[in-house]
Amino acid sequence: MTLPKFILGDNTEFPNAIFVIHTEFPRFIINLEDDEVEWFEDFDADDQEELETETENAIKEATSFYDAEVAKYDE
């Protein structure tokens, strides 16, 4: 199965939360309500530099993805 890079998620137990799931390395879920990130990866010290760069870019992309998806609903 091919998954999209980002998936929107919500849950009635977290009515104010907006989740974006990132399905590529480094895999994570970000809650855009408070920018909390939950990782699906285990990292070691060797991954630290790549992780910092990839994470910053992926979170920016996740936020842009959400903004673009919401704009489509407003049309």
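In what follows, the structure referred to is the one given above.
Here's the deal with the overall build of the protein
Helix and strand content of the protein: one helix and four strands. Reading the protein from its N end, one meets helices and strands in the order β-β-β-β-α. Referenced to the eigenvectors of the C-alpha coordinate spread, the extents of the protein come out at roughly 45 × 25 × 25 Å. Taking all 75 residues of the protein together, the buried fraction comes to 23%. About 5600 Å² of surface is accessible on the protein, with carbon and sulfur atoms providing 47% of the total. Charged side chains in the protein number 4 positive and 23 negative. The centres of these two groups are separated by 8 Å.

Thoughts on the environment of F6
Secondary-structure assignment places F6 in strand 1 (residues 6-9). A relative accessible area of 10% places F6 in the buried class. Between the C-alpha atom of F6 and that of E61, which follows or precedes it by 55 residues, the distance is 8.8 Å.

Notes on the side chain of E41
Inspection of the secondary structure puts E41 in the loop between strand 4 (36-39) and helix 1 (48-74). At 2.9 Å, the side chain of E41 forms a polar contact with the side chain of R27. If we skip the residues at most four places from it in the chain, E41 touches F25, P26 and R27.

Some points on the sheet that holds strand 3 (residues 28-31)
By way of backbone hydrogen bonds, the strands of a sheet pair with one another, either parallel or antiparallel. A sheet is described by the order of its strands in space; here four strands give the open sequence 1-2-3-4, paired in antiparallel fashion. With partners counted over all chains shown, the strands left at the sheet margins are strand 1 and strand 4, one partner each. Across the sheet, the mean angle separating the axes of adjacent strands is 20 degrees when strand polarity is ignored. As judged from the four bridges shared by strand 1 and strand 2 (residues 19-22), these two strands associate in the antiparallel manner. Each bridged residue has a counterpart across the sheet, and for I7 the counterpart in strand 2 is I21. Sheet strands in contact with helix 1 are strand 1, strand 2, strand 3 and strand 4, and its direction is about 60 degrees off that of strand 1.

Thresholds, definitions, all that
- Residues numbered from 1 in each chain as written.
- Predicted model: local features only at pLDDT ≥ 70, side-chain atom pairs only at ≥ 80, totals over all residues.
- Heavy atoms only, no water.
- Helix = DSSP H or I, 4+ residues; strand = E, 2+ residues; numbered from the N terminus.
- Buried < 20%, exposed > 50% of the residue type's maximum accessible area, 1.4 Å probe, protein only.
- Areas by Shrake-Rupley, 256 points an atom, 1.4 Å probe, with all protein chains shown as cover.
- Lys, Arg positive; Asp, Glu negative; His and termini not counted.
- Charge placed at Lys NZ, Arg CZ, Asp CG, Glu CD.
- Polar contact = N/O pair within 3.5 Å; in protein donor to acceptor, adjacent residues only side chain to side chain.
- Contact = heavy atoms within 4.5 Å.
- Pairing = 2+ DSSP bridges.
- Axes fitted to C-alpha atoms, helices over the stretch in contact; angles between N-to-C directions.

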